[in-house]
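# Understanding the architecture of this molecule
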Amino acid sequence: MRLQRKKEEPEIPTCSMADIAFLLIVLFMITSTFAVSKGILFNLPKEAPATLARAEEAIYIHILEDGAILVDQKPMMIREIQEYVRNKVEINRTKPVIIHCEPNALYANMVDVFDELKQLEFDMYPENRDDDPTNDKHINIAIPSRKEIEAWSELLGGVSE
Amino acid sequence: MKFKKSADIRAYIPTASMADIAFLLIVMFIISTTIAVDSTPVSLPRSMERTDTPEGAAIIAVTSDGLINVTSGDEQSYAIGNLGDIFSFAAVVLGDDPLHSFIIKADSNLRYEIIDSIMDQLRQAKAPNVILLTDQETIGGQ
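Since we're looking at a predicted model, the values are computed, not measured. (Residues numbered from 1 in each chain as written. Chains lettered and ligands numbered in written order. Predicted model: local features only at pLDDT ≥ 70, side-chain atom pairs only at ≥ 80, totals over all residues. Heavy atoms only, no water.)

### Focus: the packing of helix H1 (residues 17-31) of chain A against helix H1 (residues 18-32) of chain B
How two helices pack is summed up by the angle between their axes together with the distance between the axes. Their axes nearest at 8 Å, the elements H1(A) and H1(B) cross at an angle of 20°. As summarised for this structure, H1(A) and H1(B) are arranged roughly parallel, according to the angle between their axes. When the axes of H1(A) and H1(B) are compared, the crossing they make is left-handed. Between H1(A), through A:Met17, A:Ala18, A:Ala21, A:Phe22, A:Leu24, A:Ile25, A:Phe28 and A:Met29, and H1(B), the contact on the second element is made entirely by B:Met18, B:Ala19, B:Ala22, B:Phe23, B:Leu25, B:Ile26, B:Phe29 and B:Ile30. (Axes fitted to C-alpha atoms, helices over the stretch in contact; angles between N-to-C directions. Helix = DSSP H or I, 4+ residues; strand = E, 2+ residues; numbered from the N terminus. Parallel < 35°, antiparallel > 145°, perpendicular 65-115°, else oblique. Left-handed = near helix turned anticlockwise from the far one by under 90°. Contact = heavy atoms within 4.5 Å.)

### Details of the confidence of the model for chain B
Residues and elements named next belong to chain B. Across chain B, the average pLDDT comes to 86, with 92% of residues at 70 or higher. When the elements of chain B are averaged for pLDDT, strand S1 (residues 33-34) gives the smallest value, 69, and strand S7 (residues 102-106) the largest, 94. For this predicted complex, the interface confidence score (ipTM) comes to 0.76, while the overall pTM stands at 0.75. (pLDDT = per-residue confidence, 0-100.)

### Focus: the packing of aromatic side chains
Residue and element names in this part refer to chain A. Applying the stated criterion across every chain, the model contains 2 aromatic pairs over all chains. Plain terms: the ring middles of phenylalanine 42 and phenylalanine 114 are 5.7 Å apart, the flat faces sit at 85° to each other, and that makes the pair edge-to-face. Pair noted here: phenylalanine 42 is in strand S2 (residues 38-43) and phenylalanine 114 is in helix H4 (residues 107-124), with a separation of 72 residues, a long-range link. The pair phenylalanine 42 / phenylalanine 114 is uniform in exposure class, with both members buried. (Phe/Tyr/Trp six-rings, centres within 6.5 Å; stacked < 30°, edge-to-face > 60°. Buried < 20%, exposed > 50% of the residue type's maximum accessible area, 1.4 Å probe, protein only.)

### Describing the pairing of strand S5 (residues 68-71) of chain B
Residue and element names in this part refer to chain B. Going residue by residue along S5, you find Ile68 and Val70 tucked away on one face and Asn69 and Thr71 tucked away on the opposite face as well. Sheet topology note: the strand S4 (residues 58-62)/S5 ladder contains 4 bridges and is antiparallel. By the bridge assignment for S5, valine 62 is matched with isoleucine 68. Count of turn residues in the S4/S5 antiparallel hairpin: 5 residues, of which glycine 66 carries a positive phi of about 90°. Across 3 bridges, the pairing between S5 and strand S6 (residues 78-80) is antiparallel. Pairing of isoleucine 68 across the sheet is with isoleucine 80, part of S6. Between the antiparallel neighbours S5 and S6 lie 6 residues, among them glycine 73 with a positive phi of about 105°. (Pairing = 2+ DSSP bridges.)

Structure below.
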């Protein structure tokens, strides 16, 4: 007598695959952070004293210890800097802008001034907003180090004082 | 006239494509996220103008207490004892890749003297650029 065998359909069980996938999603969500960190880009000069040699032609922004700002020796509010610098830089696009921050001033004060100049750069060179790397025009911003300022002061007889 | 009784349709929720959707989400997370190599808690300064930081950039983090953590971008950040060691750290990173970018992640209440020292050492090590990490400034101030 021949026994009749019940035919079984071959199959891969995929019921739990969604569970595994969602478990992986949760793991990724917990262990990683979104890549959204942003900041202000500053190109470090290759030869530091080059800008300082032309300091008398530059716009000189001096941030004092208490956060007060002198632009070309005149006290100025942070919101007035953009207009002042724009008027000067539109006449001469290569005019350097020097940010001299006192050692005991807050880092946030320096970032505020730098941000104002970067906003102005963004307004003046809208073509930089395109992703084309050939559109790379900048305001000539210099942030000399304390050592450079000291060397410069000795050279010019205490201009930074 | 008698209508033919329609065949019974069993009610069910189709779940066959759920795994596909889930794997799609996983791929999205893998692409859009990076593992945080530095989690130093700092209160960043705020700015309106911000550019994206390059992937894998070296980070120099300074807390309001003056504690310094560094990472080349590939490994978890580690503490360094004093400010003067940043030059040697930068020299090692730039030795492998002369165009490596650096990020300064410093507390907004720090004295500028510390940032000046870090930027000076990066300049001496011939770093091409530095990004000052900031939070988004909202209109109308803080």
